[in-house]
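# Descriptive structure summary
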Amino acid sequence: PSPSCPHCPNVDETVPHYLLDCPHYRRERHALLLALGRDATSLSFLLSDSSATPHLVRFINSTNRLSKTLGEVPLPRKPPD
């Protein structure tokens, strides 16, 4: 596997590039932005805040970028009350 983004010539596919910058996933990112507002532009929020997790999983699944490796990523279960 190459570290390069499959959609952006000469750009490494880093986590920030995939989640925040890659133009190929603009539509999926827009859905994330509608769900989370401005927080969707914060890598630390996306990766550490539990309220972002379901939206992040939906983003990952909608891009199909990791489907060959992980298949469909399941949404997190809500903890019992």
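To be clear, the structure that these remarks concern was listed above.
The present account deals with the structure reproduced in this document. (Residues numbered from 1 in each chain as written. Predicted model: local features only at pLDDT ≥ 70, side-chain atom pairs only at ≥ 80, totals over all residues. Heavy atoms only, no water.)

## A word on the overall build of the protein
Of regular secondary structure, the protein possesses five helices and zero strands. C-alpha atoms of the protein, sized along the principal axes, occupy 50 × 30 × 20 Å. Scored against the burial criterion, the 81 residues of the protein give a buried share of 27%. Sequence-distant contacts, at least 24 apart, represent 27% of the contacts inside the protein between residues at least 6 apart. By element, 55% of the accessible surface of the protein is carried by carbon and sulfur atoms, the whole surface being about 6000 Å². Computed over 9 positive and 8 negative side-chain charges, the inter-centroid distance for the protein is 6 Å. (Helix = DSSP H or I, 4+ residues; strand = E, 2+ residues; numbered from the N terminus. Buried < 20%, exposed > 50% of the residue type's maximum accessible area, 1.4 Å probe, protein only. Contact = heavy atoms within 4.5 Å. Areas by Shrake-Rupley, 256 points an atom, 1.4 Å probe, with all protein chains shown as cover. Lys, Arg positive; Asp, Glu negative; His and termini not counted. Charge placed at Lys NZ, Arg CZ, Asp CG, Glu CD.)

## Re the packing of aromatic side chains
Applying the stated criterion across every chain yields a total of two aromatic pairs. Taking 5.4 Å as the distance between ring centres and 80° as the angle between the ring planes, the aromatic pair formed by Tyr18 and Tyr25 counts as edge-to-face. Tyr18 sits in the buried class, given a relative accessible area of 9%. Here the aromatic residues Tyr18, Tyr25 and Phe59 are joined through ring pairs into a cluster of three or more. (Phe/Tyr/Trp six-rings, centres within 6.5 Å; stacked < 30°, edge-to-face > 60°.)

## A few points about the nonpolar core
With 17 residues, the main nonpolar core has Tyr18, Leu32, Leu36, Phe59 and Ile60 as its most contacted residues. Among the secondary structure elements, those contributing two or more residues to this core are α1 (15-21), α2 (26-36), α3 (43-48) and α4 (53-63). Contacts of Ile60, omitting those with residues within four sequence positions, involve Tyr18, Arg65, Leu66 and Val73. (Core = buried A, V, L, I, M, F, W, Y, C linked by side-chain atoms within 4.5 Å.)

## Quick notes on α2
The α-helix advances 3.6 residues per turn, and as a result positions three or four apart in sequence lie on the same side. Where α2 is concerned, the buried positions are Glu28, Arg29, Leu32 and Leu36. Across the axial projection of α2, the buried residues extend over an arc of 100°, all falling on one side. Exposed side of α2, more than 90 degrees from the buried face: Arg26, Arg27 and Leu34 are the residues found there. Lining the buried residues of α2 we find α1, α3 and α4. (Arc of directions from axis to C-beta.)

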